[in-house]
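Structural overview for review
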Amino acid sequence: MGDFWTSIGNIAMATYLTMFYTDVIHLNPANVAFMLLLVRLAAAIWDVVVGVLIDRTRTRWGRARPWMLAGGVLYGPCFFLLFLDPCRTSAGRLGYAWISFILVNLAYSTVNVAYASLTSLITSDVDEKTRLNIFRMTTANIGAMLVYLLAMPLIARLGGGATGWGVFFGCIAFMIPFGYWYTFRMTREQDLGGGREDRVTLGSQFAALSKNRYWWITLGLNFLLWVYNGIANGMAAYLAKYVLGNPSLTSALGFATVLPMILGLPLSGPIIARFGKRTTSLAGLVLVVAGSLLIRIDSSSLGIFFLSILLRMTGMVPLNASLNSMSADVVDYGQWRYGVRSDGMVFSSSSFSMKVAMGVSSAAIAWVLSASGYKAETSHQTERALSAMVGTFVWVPLVMVLLIAILLVRYDLDGKMRRIVAEPSYFQTRANERSD
């Protein structure tokens, strides 16, 4: 259930926040791009700090759960501040946007790194980690679907403008702390070995992790996936409003985004167990390419856009189902190979790459809009601006898919982990006696 609230916050920031800044409170897109990128980069550094703290935390509640609860309690009030417009001048609005966006990202980083770390702290079973990830990603997409379906219609019913945005997202903010308290209350961490992280220097821990090539691969996969998601989700609201001519269609495009995940994730477990994370994810990318190119037939057709997104997101199901459990495998492999268990550092670095990707993708959208002559105060955009929106939505994700495929070919940990976990000496720190 933790990912339900994490997803709601993420979708709000990835899909709606740029439009709130440019179209509702009328901030300059170039200023928005700079803010989104710089704050996300700073928050990414905080991710790593939280990961180090988790590895060195010992409480009766475990390592990650206390940080998840503290971050969740702070995340709600910070999220409430995000969609408010208390200032009346452009300079005041920009300053307030900076402050509120910094606060919400610090709280989001704390809760997200801690929550993600739970996967490797709950179980060492390879297939169970995949099933856990499937359940959490399914619940995340249910949360995303609710935001997509409810946001624009309810904001319009609440009068639109900053008031409508503030009331809708404020109601979500009120519920967030209770949601994370529930996850804290209903989960338990297990002692899965290691336990030397608080006695190992940070330099030694990072040195061991940096030798783990699978860590680098999962970092790259996280970055590329979230650039893909950020461009696809963030540009969808502009496509609905200006290319398709109806901002309410954001709900339809959002529904097409999450429906394949909700239906496909629960069914993907046996397939991934049979063929492996790498092979299944590579096969799915074929559908992503086909769906992206489909838009070139007629970019003004809602039906084609809807079918394109359905195909693209169906193709992304295996990678979304696998990626978090890949990171958990990296933790276990690192403990087996190098004798140091680094749950917090692995998942915080994944969150680091995600934050950088979200900052890059959000900034890229704002930069594209600014460079194409986009004017938020007009209801009709120039052909140049419309072409830039469609082109960014199609071609940037295709580049990301190509790079993802290259990294997946290099990921051969599926078979290794089954052999490693089966060894009686799996949790013994005999790294120097082993070869890769």
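As a starting point, this report considers the structure included with it. Chains are numbered independently. Their residues run from 1 in the order of the written sequence. In keeping with the predicted nature of the model, local features appear solely for residues at pLDDT of at least 70, side-chain atom pairs appear and are counted solely at 80 or more, and the whole-chain, interface and lining totals rest on all residues. Excluding hydrogens and water, the side-chain values take into account all heavy atoms of the structure.

1. Section: the pattern of salt bridges
Counted as salt bridges are all cases of a side-chain nitrogen of Lys or Arg within 4 Å of a carboxyl oxygen of Asp or Glu. Scanning the entire structure with this criterion turns up six salt bridges. Across the pair Asp85 and Arg93 runs a salt bridge whose closest N-O atoms are separated by 2.9 Å. Burial classification: accessible surface area is computed with a 1.4 Å probe over protein chains only, and a residue below 20% of its type maximum counts as buried, one above 50% as exposed, and the rest as partly exposed. On the basis of relative accessible area, Asp85 is assigned to the buried category, the value being 16%. Of the charged contacts in the structure, one is a salt bridge between Lys277 and Asp329, with a shortest N-O distance of 3.0 Å. In this pair, Lys277 sits in helix H10 (residues 277–294) while Asp329 sits in helix H11 (residues 302–338), placing the two residues 52 residues apart along the sequence. A single burial state applies to Lys277 and to Asp329, both of which are buried. Secondary structure elements are defined from DSSP: runs of H or I of at least 4 residues count as helices, runs of E of at least 2 residues count as strands, and each element is numbered from the N terminus.

2. Observations concerning the environment of Thr6
Mapped onto the elements, Thr6 comes out in helix H1 (residues 2–24). Classification of Thr6 as buried rests on a relative accessible area of 4%. Each C-alpha atom, one on Thr6 and one on Thr130, is 19 Å from the other, the two residues being 124 residues apart in sequence. Apart from the residues within four sequence positions on either side, Thr6 is in contact with Tyr108, Asn112 and Tyr180. In protein, a polar contact requires one atom able to donate a hydrogen and another able to accept it; more generally it is a pair of N or O atoms within 3.5 Å, and residues adjacent in sequence count only if both atoms are side-chain atoms. Side-chain polar atoms of Thr6 contact the backbone oxygen of Gly2, separated by 3.1 Å. Here, two residues are considered to be in contact whenever any of their heavy atoms come within 4.5 Å of each other.

3. Description of a nonpolar patch on the surface
Together, Ile142, Leu146, Leu149, Leu150, Leu154, Leu158 and Val167 line one region of the surface with nonpolar side chains, adding up to about 500 Å² of accessible area. Looking at the nonpolar patch element by element, the count peaks at five residues for helix H5 (residues 126–157). For Leu146, a relative accessible area of 35% puts it in the partly exposed group. Grouping into patches uses exposed residues only, defined as over 30% relative accessible area, and leaves out salt-bridged ones; the cut-off is 9 Å for like charges and 5 Å for nonpolar side chains (Val, Leu, Ile, Met, Phe, Trp, Tyr). Throughout, the Shrake-Rupley method with a 1.4 Å probe supplies accessible areas, and for residues the shown protein chains are the sole cover considered.

4. A word on the packing of aromatic side chains
Here the distance between the centres and the angle between the planes together describe a pair of aromatic rings. Aromatic rings from Phe, Tyr and Trp, taking only the six-membered ring of Trp, are treated as a pair when their centres fall within 6.5 Å; an angle between ring planes under 30 degrees marks them as stacked, one over 60 as edge-to-face, and anything in between as tilted. Scanning the model with the defined rule gives 25 aromatic pairs in all. Ring centres of Phe83 and Phe169 lie 4.0 Å apart, and the angle between their planes is 15 degrees; on these two criteria the pair is classed as stacked. You can see Phe83 sitting in the loop between helix H3 (65–82) and helix H4 (90–122) and its partner Phe169 sitting in helix H6 (residues 161–186), a full 86 residues away along the chain. With respect to class, Phe83 is no different from Phe169; both count as buried. Here the aromatic rings of Tyr214 and Tyr411 are separated by 5.9 Å at their centres, their planes lie at 80 degrees, and the arrangement is edge-to-face. With a gap of 197 residues between them, Tyr214 in helix H8 (residues 213–243) and Tyr411 in the loop between helix H13 (383–410) and helix H14 (413–422) connect regions that are remote in the sequence. The residues Tyr214 and Tyr411 share a single accessibility class, namely buried. Through a chain of ring-to-ring contacts, three or more aromatic side chains come together here, namely Tyr16, Phe20, Tyr21, Tyr75, Phe79, Phe83, Tyr108, Tyr148, Trp165, Phe168, Phe169 and Tyr180.

5. Quick look at the nonpolar core
Here, the term nonpolar core denotes a set of buried Ala, Val, Leu, Ile, Met, Phe, Trp, Tyr and Cys residues that are joined through side-chain atoms within 4.5 Å. Formed by 128 residues in total, the largest nonpolar core has its most connected members in Tyr21, Tyr75, Phe79, Phe101, Phe169, Met316 and Met389. The dominant element in this core, judged by the number of residues it contributes, is H8, at 20 residues. Setting aside chain neighbours within four positions, we find Phe79 in contact with Gly9, Ala12, Val104, Phe169, Ile172, Ala173 and Ile176.

Keep in mind that these numbers describe shape and distance, not what the molecule does.
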